[in-house]
Amino acid sequence: MNAFDQHDYVLRGGAKGAERLRLLASVKWPTTKTLLDRVGLCQGMHCLDVGCGIGTVTLEMAKVVGPTGQAVGMDMDEPCLELARLEARRLHLNVEFRTVSVNELQETSAYDLIFGRFVLTHLREPEQALARMVHAARPGGVVVVEDIQFTGHFAFPACHAFDRYVALYQDVVRRKGGDPNIGPRLLGMFIDAELADVDLEVIQPTYRQGPGKQIAAVTMEHIREAVVGAGLAGNEEINAVVAELVSFASDPRTMMSFPRIFQVWGKKA
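Residues numbered from 1 in each chain as written. Predicted model: local features only at pLDDT ≥ 70, side-chain atom pairs only at ≥ 80, totals over all residues. Heavy atoms only, no water.

A. Highlighting the overall build of the protein chain. Secondary structure summary: the protein chain contains nine helices and 10 strands in total. Taking 269 residues into account, the globule formula puts the C-alpha radius of gyration at 18 Å, and the protein chain, at 18 Å, falls close to it. Principal axes of the C-alpha set define a box for the protein chain whose edges measure 50 × 40 × 35 Å. Scored against the burial criterion, the 269 residues of the protein chain give a buried share of 54%. Taking the contacts inside the protein chain whose residues are at least 6 apart along the sequence as the reference set, 80% of them involve residues at least 24 apart. (Helix = DSSP H or I, 4+ residues; strand = E, 2+ residues; numbered from the N terminus. Rg over C-alpha atoms; globule rule 2.2 N^0.38 Å. Buried < 20%, exposed > 50% of the residue type's maximum accessible area, 1.4 Å probe, protein only. Contact = heavy atoms within 4.5 Å.)

Quick look at the structure:
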């Protein structure tokens, strides 16, 4: 089994998964854009987006690098990649989408910038995946990762359904061999990978209204099959958790956060 086998991924894939990815992309893009600007994404660069899903970040990269650069997205979810290819053609962007796992990444010194968002958390061997990303970067190129510390979630006031969602997500990811709290480990991983000028930022988007407040309920629904299959909860309990999350999110006096997100980057010597 490779390091990013679809059987290890706890969230729904394909067209159903694409719906969640669109919601996540719309909410998360502002902070990802700030990160990419900070690390120097610019015209003419050759970029790789690892675990690109429906290609939202890849397409934004392509807009920046322009016709003199190139953006490549890689993922194992072919239906999502086909949606990405359709959007690239509609926008007339210079983008290539490849159906390949990070464990199959064999390129050497090929990219100026390599990015991965919410990918390493799902992998059994994230250090190996990071090593492949570093290998594919050009000397002086930058490797950038965003990933989560799921225990960093919060809701206010206290919400039993939210606490249950956070616990179930962590349990099912661990059962699949991932680490739902990989965020704090990333700094040491980057240093061990012998990247230079390693730095980090920790962010935590928090919402009282809008799409960001829907993420918990949508994600709970999208891990349903994995949770039930692992025997962690039944459909009746999940229905109740989702319903309570939706109700909680609709109250303008409540607030709900994303997981704590670690943004870490470094240059290949």
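B. Representation of the sheet that holds strand E10 (residues 260–268) within the structure. Overall, mixed pairing links the seven strands, which are arranged E3-E2-E1-E4-E5-E10-E7 in an open sheet. On the outer flanks of this sheet lie strand E3 (95–99) and strand E7 (195–203), each paired with one strand and no other. Strand-to-strand twist of the sheet, defined as the mean angle between neighbouring strand axes without regard to direction, takes the value 15°. The pairing of strand E5 (residues 137–149) with E10 spans eight bridges and is antiparallel. When the sheet's bridge partners are listed, isoleucine 148 is paired in E10 with isoleucine 261. (Pairing = 2+ DSSP bridges. Axes fitted to C-alpha atoms, helices over the stretch in contact; angles between N-to-C directions.)

C. Unusual backbone geometry, seen in detail. The peptide bond linking phenylalanine 156 to proline 157 adopts the cis configuration, its omega dihedral lying at 0°. If you trace the backbone, proline 157 turns up in the loop between strand E6 (155–156) and helix H5 (160–175). Even without a glycine there, the phi angle at phenylalanine 118 is positive, about 55°. Residue placement: phenylalanine 118 occurs in the loop between strand E4 (111–117) and helix H4 (126–136). Phi at glutamate 194 is positive, roughly 65°, even though this residue is not glycine. Relative to the helices and strands, glutamate 194 resides in the loop between helix H6 (186–192) and E7. For glutamate 194, a relative accessible area of 66% translates into the label exposed.

D. Up close: the sheet that holds strand E8 (residues 206–207). The strand order across the open sheet built from three strands is E6-E9-E8, with neighbouring strands paired in antiparallel fashion. What marks the edges here is a single partner per strand, and that holds for E6 and E8. Two elements, E8 and strand E9 (residues 255–257), share two bridges in a ladder whose sense is antiparallel. What sits directly across from tyrosine 207, in E9, is methionine 256. Running at roughly 120° to E9, helix H9 (residues 235–249) makes contact with E6 and E9 of the sheet.

E. A look at the nonpolar core. Ranked by size, the top nonpolar core spans 36 residues in total, and within it Phe162, Tyr165, Met220, Val227, Leu245 and Phe258 carry the most contacts. Taken together, the elements giving at least two residues each to this core come down to helix H1 (14–39), H5, helix H7 (215–222), helix H8 (224–229) and H9. A total of eight residues in this core trace back to one element, the largest contributor, which is H5. Contacts of leucine 245, omitting those with residues within four sequence positions, involve Ala161, Phe162, Tyr165, Ala216, Ala217, Met220 and Met256. Listed in part, the 28 residues of the second largest apolar core include Leu130, Met133, Val134 and Phe262. (Core = buried A, V, L, I, M, F, W, Y, C linked by side-chain atoms within 4.5 Å.)

F. Structural view of the side chain of threonine 121. Relative to the helices and strands, threonine 121 is located in the loop between E4 and H4. What makes threonine 121 buried here is its relative accessible area of 1%. In this structure threonine 121 touches Asp147, Ile148, Val173, Gly178, Asp179, Pro180 and Ile182, once residues within four positions along its chain are discounted.

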